[in-house]
Amino acid sequence: MTNSSRISQTFAKLKQAGQLAFMPFITAGDPDMAMTLSLIQELAQRGVDLIEVGFPYSDPIADGPVIQASYTRALNRKLKVEDIFAGVATLKTAELPPLVGMVSYALLFRRGVDAFMARAAEVGFAGLIIPDLPADEASEAAALAKKNGLDLVQLIAPTTPRDRAIKILNAASGFVYCISIAGITGVRDQLPPELRDQLAWLRQQTKLPLAVGFGISKPDQVDVLRDVADGVIVGSAIVKQLDALEKGGTREAVLSEVGKVAGGLVTATHQAK
Amino acid sequence: MSTTTTTGAATSQVPDDLGRFGEFGRRFVPETLMHALEELTAEYARATQDPAFQKELDGLLSTFVGRPNPLYFAERLTQYCGGARIYLKREDLNHTGAHKINNTMGQVLLTRRMGKKRVIAETGAGQHGVATATACARFGLDCVVYMGEEDVRRQKLNVFNMRMMGAEVRPVTSGSRTLRDAINEAMRDWMGSVQNTHYIIGSVVGPHPFPMMVRDFQSVIGREARRQCQEIVGRLPDEVIACVGGGSNSAGMFYPFVDDKTVRLTGVEAGGRGPQPGDHASTLTHGVKGVLHGSYSYVLQDVDGQTADVHSISAGLDYPGVGPEHSYWKDSGRVDYVSITDQEALDAFQTMAKLEGILPALESSHAIAHTLKAAKRRSPQEVIVVCLSGRGDKDVYEVARLLGRDLG
Ligand SMILES: Cc1ncc(COP(=O)(O)O)c(C=O)c1O
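Cut-offs applied
Residues numbered from 1 in each chain as written. Chains lettered and ligands numbered in written order. Predicted model: local features only at pLDDT ≥ 70, side-chain atom pairs only at ≥ 80, totals over all residues. Heavy atoms only, no water. Helix = DSSP H or I, 4+ residues; strand = E, 2+ residues; numbered from the N terminus. Rg over C-alpha atoms; globule rule 2.2 N^0.38 Å. Contact = heavy atoms within 4.5 Å. Areas by Shrake-Rupley, 256 points an atom, 1.4 Å probe, with all protein chains shown as cover. Lys, Arg positive; Asp, Glu negative; His and termini not counted. Charge placed at Lys NZ, Arg CZ, Asp CG, Glu CD. Buried area = accessible area lost by both parts, 1.4 Å probe. Salt bridge = Lys/Arg side-chain N within 4 Å of Asp/Glu carboxyl O. Polar contact = N/O pair within 3.5 Å; in protein donor to acceptor, adjacent residues only side chain to side chain. Buried < 20%, exposed > 50% of the residue type's maximum accessible area, 1.4 Å probe, protein only. Phe/Tyr/Trp six-rings, centres within 6.5 Å; stacked < 30°, edge-to-face > 60°. 1 Å grid on protein atoms, 1.4 Å probe; cavity = no way out; pocket = protein on both sides within 12 Å on 5 of 7 lines; lining within 4 Å. Points joined across faces, edges and corners; volume = space filled by probe spheres on them. Nonpolar A, V, L, I, M, F, W, Y, C, P; charged D, E, K, R; others polar. Near = heavy atom within 4 Å. Pairing = 2+ DSSP bridges. Right-handed = clockwise from strand over helix to strand, strands pointing away. Core = buried A, V, L, I, M, F, W, Y, C linked by side-chain atoms within 4.5 Å. Axes fitted to C-alpha atoms, helices over the stretch in contact; angles between N-to-C directions. Expected span 1.5 Å × (residues − 1).

All right, on to the overall build of chain A then. For chain A, the count of helices and strands is 13 helices and 8 strands. On C-alpha atoms alone, chain A measures out to a radius of gyration of 17 Å, which is about the 19 Å that the 2.2 N^0.38 rule sets for 273 residues. Projected onto its principal axes, the C-alpha coordinates of chain A cover approximately 45 × 40 × 35 Å. Here the contacts in chain A between residues at least 6 apart in sequence split such that 74% fall between residues at least 24 apart. For chain A, the exposed surface amounts to about 10300 Å²; the carbon and sulfur share of it is 52%. Mean positive and mean negative side-chain charge positions of chain A (28 and 29 charges, respectively) differ by 2 Å.

Put into structure tokens, the structure is as follows:
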């Protein structure tokens, strides 16, 4: 089993069982890698299906205040990209849900896209999401991802016209990251009504799993997506729990809160369709 | 990243359809913004083919902005240096006091063509914010300006002016609280508002088509200066000098001269307190190739690709990136880039005030400071044209503070 197929197999298994995939997002290195590794273990125990690991970046234009603040905390503590790789390398990733790195292109480019991807694959990442590398610029990165055995996940936004969406789908692997709202990451009470239509249309265009992210935080939002999506991604609602550490909360308490939020979403996503 | 090289002569025939200046430029933004950038590119292409658009813009530049502004012989500055004759391109005489308005008038007309009713902008020194607020007031558009908290402090006067013209100024408290963070916040706003909002970027930075479009709107500076120099001196200048923050006044000044191989072009970056990382904003002198704010260019960043902290006395030059066309000009050798320190700029500010009766913006003072050095090395037969990108009124509080004077 190659790393790159782990993502597809995860989605395939869930589909057979009539379940949605749940993919929580956590920031690497907030407040340190030890906590990040504990969070990964906690999430795995709670039964999440994939884990998105955000590489802190100094200028994340797609991110709202919660994830920005988390990135800033990690960077203020002098987190380096290599600390993330070294930390993940200590995990038995084959026994964990597939790890998907969320990495700004600035960071990949600086190390060299090939070298970055080789190292990511080596330490056990199954795929990468590069939020600021649009499909038009992604052909070289897609080839290098393939060479290194990583899935390169592509994003589709509510503002993406249909002809663009088809081009993006042709370049995608693993799953398609469907951005639910035109905007930045962060908890929203409601998902836009057009989202279901777009997902239904995308469903006809591709066999790739459709995972929906941005703005999702609650089990009842999962219900809205159950028949049109294959997975949901939850970031800010998870990362927000880390704020408590700044206010004197203990790591155990944060782990248990994250576990609770994740547990609720696992139950919601794994409920049969 | 493709392997196109930019060595060899630079040409003015850039960028290509993908927004590439040699290898630099392009688009590195979230998918959410891609469609808007494609639409903007198409609308801009249509506008440039439309004589009515150009006519309206020219009319505004003439009757509202006050163009053409003069190319002025700085007689006493020239005497003081005892070398080349120094001519000032007087962008400081534009309405709102800087070159920024050349771009905002063009982009506001585009905003109207696209039927968008809301405009956002970032600002460092506040000059671009004021120029945007002005253009929006003139055309009745909603205007929100993002400005780093540190710059809100340094540039109070401009904050007041923007608010008087009905713009909402939103202080930005993330990161270094300067221009770079203001751009991040404006981009984040745009992620959620792109369907009804146009983002008027204030310099030749950001994803395609901004670097090209802003350069084109600012090129009126160089076109006028080139013609005026021929009229006044009877030939092209020997050297053209301008300061480089994001690079818009310099790009607009240089672009019409790029194919004039006898004209030396020199960009002046902020040398801050010195060459140590974090003490300056000399992106082209000390930076590496990388990605920031949606485009591939030189950037000041650490070994991981995290953007570095920068410093300059001048809010408008306090930026860790630079427009991709400048990177192309640097690598092709067409433009030389040098640094001027905070102290040299402050000295030049005072020299200009005493000798010419002109208070230059602190940004422009960097260009003046280098001009003083360059003129001394040249003969009186030679001619230097320098872009006086803006006036210094906005800076008097900061200058007074730095000189230990009290404004009361
Ligand atoms: C007067 C003046 N000159 C220069 C600059 C630097 O910007 P650019 O390099 O885009 O011309 C600014 C920016 O705020 C400015 O206000």
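This part covers the interface of chain A and chain B. Taken together, the 37 residues of chain A in the interface contact 36 residues of chain B. Summed over both partners, the interface of chain A with chain B comes to about 3200 Å²; 51% of that surface belongs to carbon and sulfur atoms. It is A:I61, A:F109 and A:R110 in chain A that bury the most area against chain B; as a group they hold 23% of the surface buried on that side. Where chain A packs against chain B, one counts 5 salt bridges. Taken together, the connections running from chain A to chain B amount to 20 residue pairs in polar contact (both at pLDDT 80 or more).

This paragraph deals with the pattern of salt bridges. Evaluated as defined, the whole model comprises 58 salt bridges over all chains. Note that A:R46 is salt-bridged to A:E42, the shortest N-O span being 3.1 Å. Since its relative accessible area comes to 16%, A:E42 is described here as buried. Among the salt bridges present, the one from B:E382 reaches B:R378, with a minimum N-O distance of 2.9 Å. On the basis of relative accessible area, B:E382 is assigned to the partly exposed category, the value being 24%. With a relative accessible area of 18%, B:R378 lands in the buried category.

One pass over the structure, following the stated rule, counts 18 aromatic pairs over all chains. When the ring of A:F55 is compared with that of A:F125, the centres are 5.7 Å apart and the planes differ by 50°; the resulting orientation is tilted. With a gap of 70 residues between them, A:F55 in the loop between β2 (51–54) and α3 (65–76) and A:F125 in strand β4 (residues 125–129) connect regions that are remote in the sequence. Overall, A:F55 belongs to the buried group, its relative accessible area being 1%. Residue class for A:F125 comes out buried when judged on its relative accessible area of 0%. Ring centres 5.0 Å apart and planes at 70° place the aromatic pair A:F109 and B:Y296 in the edge-to-face group.

This part covers empty space enclosed by the protein. All names here are of chain B. For the coordinates displayed, the defined rule picks out 6 cavities of 30 Å³ or more. Taken as a whole, the largest cavity encloses approximately 300 Å³ of empty space. H99, K100, A125, G316 and E363 are, among the 33 residues lining the largest cavity, the residues nearest its centre. Those elements that provide at least two residues to the lining of the largest cavity are β5 (118–123), α5 (127–139), α8 (179–193), α11 (248–254) and α15 (362–376). Residues that form the lining of the largest cavity fall into these classes: 10 nonpolar, 18 polar and 5 charged.

All names here are of chain B. Around the ligand there are 18 residues in total, and S203, G245, G247, S248 and S389 lie nearest to it. In this structure, K100 approaches the ligand through a side-chain N or O atom, which is 3.2 Å from an oxygen atom. In the model, an oxygen atom of the ligand is placed 3.3 Å from a nitrogen or oxygen of the G246 main chain. In isolation the ligand offers 390 Å² of accessible surface; the protein chains occlude 98% of this area. A breakdown of the residues in the shell around the ligand according to their chemical character gives 5 nonpolar, 11 polar and 2 charged.

Turning next to the pairing of strand β7 (residues 210–213) of chain A. Residues and elements named next belong to chain A. By the alternation rule, side chains of β7 split into L210 and V212 and A211 and G213, which are all buried. Sheet topology places strand β6 (residues 176–179) next to β7; 4 bridges connect them, and they run parallel. Residue pairing across strands places Y177 opposite A211, the latter belonging to β7. On the question of chirality, the crossover connecting β6 to the parallel β7 by way of helix α9 (residues 194–205) is right-handed. Sheet analysis places β7 next to strand β8 (residues 231–234), joined by 2 bridges and oriented parallel.

A few words on the nonpolar core. Side chains of nonpolar character tend, in soluble globular proteins, to be buried together. The biggest cluster of nonpolar side chains holds 178 residues, and the ones touching the most others in it are A:M117, A:F125, A:L225 and B:W329. In terms of nonpolar packing, the next biggest core, distinct from the first, is built from 29 residues, B:A84, B:I340, B:L355 and B:V386 among them.

Right, let's talk about the sheet that holds strand β6 (residues 142–148) of chain B for a bit. Residue and element names in this part refer to chain B. Pairing is parallel in the open sheet, where 4 strands are placed in the order β7-β6-β5-β8. The open sheet is flanked by β7 (168–172) and β8 (197–199), the only strands paired with a single partner. Each neighbouring strand pair of the sheet contributes to a mean axis angle of 25°, computed without reference to strand direction. In terms of strand pairing, β6 meets β7 through 5 bridges, oriented parallel. The residue of β7 that forms the bridge with G148 is V172.

Bringing α5(B) into the picture now. Think of an α-helix as 3.6 residues a turn; residues three or four steps apart then line up on the same face. Compared with an ideal rise of 1.5 Å per residue, which puts 13 residues at 18 Å, α5(B) spans 18 Å between its outermost C-alpha atoms and is within 8% of the ideal. Where α5(B) is buried, its residues touch α2 (51–65), α4 (100–113), β5, β6 and α7 (156–164) of chain B.

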